[in-house]
Amino acid sequence: MIRAALWLALYLGLVLLPPALLVLLEPPRSGGFAWDFAMILGYSALAMFGLQFVLTARFKRATAPFGIDLIYALHRWLAIAALLFVMVHVILLAWRYPAALGSADPLRAPWHMSAGRLALILFAFIVLSSLLRKRLRWAYESWRFWHGLAATAALLLAIVHAEGAGHFLNAAWKQWAWGALAAFWIFAIIHVRLLRPWWVARRPWRIASRERLAGRMWRLRLRPVGHEGLRRFEPGQFAWLSFGQHPIRLAEHPFSIASAPGSEELEFAIKELGDFTSTIGELSPDTHVYVDGPYGAFSLDREPQARGFVFIAGGAGIAPILSMIRAMAARGDLRPAVLFYGNRNLQRTAYRAELAALAEQCRLKVVLLLHEPETDWEGERGYISEGILRRHLPEKHDGWHAFLCGPKPMLALAEKSLRRLGFPLAAIHSEIFDLA
Amino acid sequence: MRERLAFLSAVITSVLVLAMSGLLAVKLQSDAQAGASSGAQNLDREEEARFARGRALFFSEGCAGCHSVGGEGNPRGPLDGVAARRSREQLRDFAFGTGTAAQELPRRIAVAKSVYAELSDADREAILAFLESLH
């Protein structure tokens, strides 16, 4: 919590430091409140846009206290805020000082004003296209390509705009400081688009095995090629995978790791969902796979003081939970745990044998939940509810922590039921799966 | 739940950015008021009409991007009363970045003004006439 607050303070500092330095040291001539506010807001919004690249640069140290899913959600909301700020910047000027904006005709306007206008159009395009991507049925890979390209162009144009307009840049050192800040943002872009893909590309993996688990669920095992692999991660974390091509092509997808830390091979449980995942069965065994990870804060390792665990999984959401349970078994962790695992029917329920074996090894109780069960099913039916939780959890569950992974409606139901049972919010952990 | 947390963090961050930006603008105001004595004069309407062409050029050629006259344009570079402070020659040099002004002006501003060398003589005279009216 404190670390998270410190990182938020750092973010605020990075946004407000540039305008604060420009205004407080060697104060420039004031242009009245509306003018100054519009300018400062412009600088703040530009700093926010620059930091957007830093947020998604997947710097592990910075994302660790939050979980990268939260960082991506923040990235989305802050983009909307920054766009609103730029619009206030423009509207204030257009309303109070229309003459200062000059002609909108790019043939007549100064180049830095045209750069600013173009940057605003691009920013608006980026934000709208991201919010509407699914409704527009724009394929993730193509959207991501244009998102990165437009964002880079927009940031460079906005830097040119501020530099060209030069308001508040009334001293040589201010121009230097400004240039250094722009260089920092550009480094973040280079890190995301070039350095990280390059690093990931140097550590290829190969498909060691691939089998259908149940229904549309596949088990994918990856083996490192010429490197030591990924042995240290927190059970429950995930990685970005890209298949059969150079990772610089950007077609990567986040998947939770299903295996426990410490082994050479990594296991993933992947469900065919009609998009890229449908091709999982067609991958040839010698396809190269690139793994960028681990990421995420969804792990029992983050709650070392927990006295017991409730795991609630739906479908492919079993992957991170399985990683945690396997890790508990491997470590000889004998804290009590109850797993509620929801699926359509028994045939669609993956990892049945393995979960039964783990239940023998640990103090784990496995409760299967089927919402369209086979006729002879005698276990729990329907969806997770307060009643089902009560039936299987011990009376006393003080200090227990709950880990939830699955479809959104299931998460909502599970959260509500757990709250009714008296689980505090801080003891309920989930992850935003939908990062794009 | 995490969606809400992200949303709340973003809202808090944004409100703080907005508030701090406002405070910085207020701070700049108070600094300016402490040490300012702007001798801005209002424009004579008749003169404004007489030098309409120069005035039109002032706004169409981008002068207003950095300067204001009678509250129009960039308020941080007011030119109201400039003719009272500068001779005609000085006005010409500072307006178009020529002569001694080329050395006196900061480099970036001199570069910005160098584009006005491309204006016709008549246009430049009109702008100058407009500036001269700003007593």
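Structure shown above.
**Q** What is the right way to look at the nonpolar core in this model?
**A** In globular proteins that are soluble, nonpolar side chains generally tend to be buried together. All names here are of chain A. Counting 74 residues, the largest nonpolar core has V15, M48, F123, L155, F168, W178 and W185 as its most contacted members. It is helix α2 (residues 33–55) that provides the largest number of residues to this core, a total of 17 residues. In this structure, I325, L339, L368 and C405 belong to the second largest nonpolar core, which totals 32 residues.

**Q** What is the right way to look at the sheet that holds strand β6 (residues 288–295) of chain A in this model?
**A** Strand pairs in the sheet, formed through backbone hydrogen bonds, run parallel or antiparallel to each other. Residues and elements named next belong to chain A. Spatially, the six strands line up as an open sheet ordered β4-β3-β6-β1-β2-β5, and their pairing is antiparallel. Each edge of the open sheet is held by one strand with a lone partner, namely β4 (253–256) and β5 (266–271). Neighbour-to-neighbour, the strand axes of this sheet turn through a mean angle of 40 degrees, independent of strand direction. Pairing between strand β1 (residues 204–214) and strand β2 (residues 217–224): eight bridges, direction antiparallel. Looking at the pairing, E211 lines up with R219 of β2.

**Q** Mind showing me how you'd approach the side chain of A:R133 here?
**A** Residue and element names in this part refer to chain A. Positionally, R133 belongs in the loop between α6 (111–132) and α7 (140–165). Using a relative accessible area of 9% as the deciding quantity, one classes R133 as buried. Here W138 takes part through its backbone oxygen, which lies 3.0 Å from a polar atom of the side chain of R133.

**Q** Looking at this structure, I do not really get the interface of chain B and chain A. What am I missing?
**A** It is common to give the size of an interface as the accessible area lost on bringing the parts into contact. Listed as interface residues are 38 residues of chain B and, on the opposing side, 52 residues of chain A. When the two sides are added together, the surface that chain B and chain A hide from each other amounts to roughly 3,800 Å², 67% of it contributed by carbon and sulfur. Connecting chain B to chain A are zero salt bridges. Run the count over chain B and chain A and you get three residue pairs in polar contact (both at pLDDT 80 or more). Of all the secondary-structure elements, those providing two or more residues to the side of chain B that touches chain A are α1 (2–34), α3 (52–60) and β2 (72–73) of chain B. With 23 residues, α1(B) is the largest single contributor of residues to the side of chain B that touches chain A.

**Q** Help me understand the pairing of strand β9 (residues 364–370) of chain A in this model?
**A** Two faces, one strand: in a regular strand the side chains alternate between the faces of the sheet. Residues and elements named next belong to chain A. For β9, a buried count of five out of seven residues is recorded, marking the element as mostly surrounded by other parts of the structure. One ladder, built from seven bridges, connects strand β8 (residues 337–343) with β9; its direction is parallel. Counterpart to L339 in the pairing with β9 is V366. Following the chain from β8 across helix α10 (residues 352–361) to the adjacent parallel β9, one finds a crossover that is right-handed. Across two bridges, β9 lies against strand β10 (residues 380–381) in parallel orientation. Residue pairing for β10: L369 is matched across the bridge by E380.

**Q** I keep staring at the packing of α6(A) against α7(A) and nothing clicks. Help me out?
**A** When two helices pack together, their arrangement is captured by the angle between the axes and the distance separating the axes. Residue and element names in this part refer to chain A. One can describe the packing of α6 onto α7 by two numbers: an axis separation of 8 Å at closest approach and a directional angle of 150 degrees. Between α6 and α7, the interaxial angle falls into the category roughly antiparallel. Two packed elements cross with a definite hand, and for α6 against α7 that hand is left-handed.

**Q** What's the story with the packing of aromatic side chains in this structure? I'm lost.
**A** The description of an aromatic ring pair rests on the distance of the ring centres and on the angle between the ring planes. Residues and elements named next belong to chain A. With the rule as written, the count across this model stands at 18 aromatic pairs over all chains. Note on Y43 and W178: the rings are 5.1 Å apart at their centroids and 85 degrees apart in plane angle, and the pair reads as edge-to-face. Separated by 135 residues along the polypeptide, Y43 in helix α2 and W178 in helix α8 (residues 172–201) bring together distant segments of the chain. For the pair W178 and W185, a centre-to-centre distance of 6.1 Å together with 90 degrees between the ring planes defines the contact as edge-to-face. Exposure class is identical for W178 and W185. Each is buried. Aromatic rings pair up to connect Y72, F238, W240 and Y295 into one cluster. The ring of W95 has R96 sitting right over it, with the charged end atom 5.6 Å from the ring centre.

Cut-offs applied
As a convention, each chain's residues are numbered from 1 in the sequence order in which they are written. A letter from A marks each chain and a number from 1 marks each ligand, given out in the order of writing. Side-chain atom pairs in this predicted model are given and counted only at pLDDT of 80 or more, local residue features only at pLDDT of at least 70, and totals for whole chains, interfaces and linings cover all residues. With hydrogens and water excluded, all non-hydrogen atoms of the structure serve as input to the side-chain values. Remark: nonpolar core denotes a set of buried residues (Ala, Val, Leu, Ile, Met, Phe, Trp, Tyr, Cys) joined through side-chain atoms within 4.5 Å. The cut-offs for exposure are 20% and 50% of the maximum accessible area for each residue type, with area from a 1.4 Å probe on protein chains only; residues under the lower value are buried, those over the upper are exposed, and the others partly exposed. Labels follow the DSSP assignment, with helices taken as runs of H or I lasting at least four residues and strands as runs of E lasting at least two, numbered in each case from the N terminus. Think of it this way: DSSP has to see at least two bridges between two strands before they count as a pair. Each axis is a line fitted through C-alpha atoms, and for a helix only the stretch in contact is used; angles between axes span 0 to 180 degrees, taken between their N-to-C directions. Under this definition, polar contacts are N or O atom pairs within 3.5 Å; protein pairs additionally need one hydrogen-donor-capable and one acceptor-capable atom, and for neighbouring residues in sequence, both atoms have to be side-chain atoms. Residue contacts are counted whenever heavy atoms from the two residues lie within 4.5 Å of one another. Once two parts are joined, some of their accessible surface, as seen by a 1.4 Å probe, is lost; buried area is that loss totalled over both. Here a salt bridge means any side-chain nitrogen of Lys or Arg lying within 4 Å of a carboxyl oxygen belonging to Asp or Glu. Crossovers are described as right-handed under a simple rule: with the strands pointing away from the observer, the path leading from the first strand over the helix to the second runs clockwise. Put simply, angles under 35 degrees are roughly parallel, angles over 145 are roughly antiparallel, angles from 65 to 115 are roughly perpendicular, and the rest are oblique. Should the near helix be turned anticlockwise from the far one by less than a right angle, the crossing is termed left-handed; should it be turned clockwise, right-handed. Stacked, tilted and edge-to-face are the three classes applied to pairs of Phe, Tyr and Trp rings, where Trp contributes its six-membered ring and a pair requires centres within 6.5 Å; stacked means planes under 30 degrees apart, edge-to-face means over 60, and tilted covers the rest. Working rule: Lys NZ or Arg CZ, within 6 Å of ring centre, within 35 degrees of ring normal, means a charge sits over the ring.

Any functional reading would require information beyond the geometric quantities listed.
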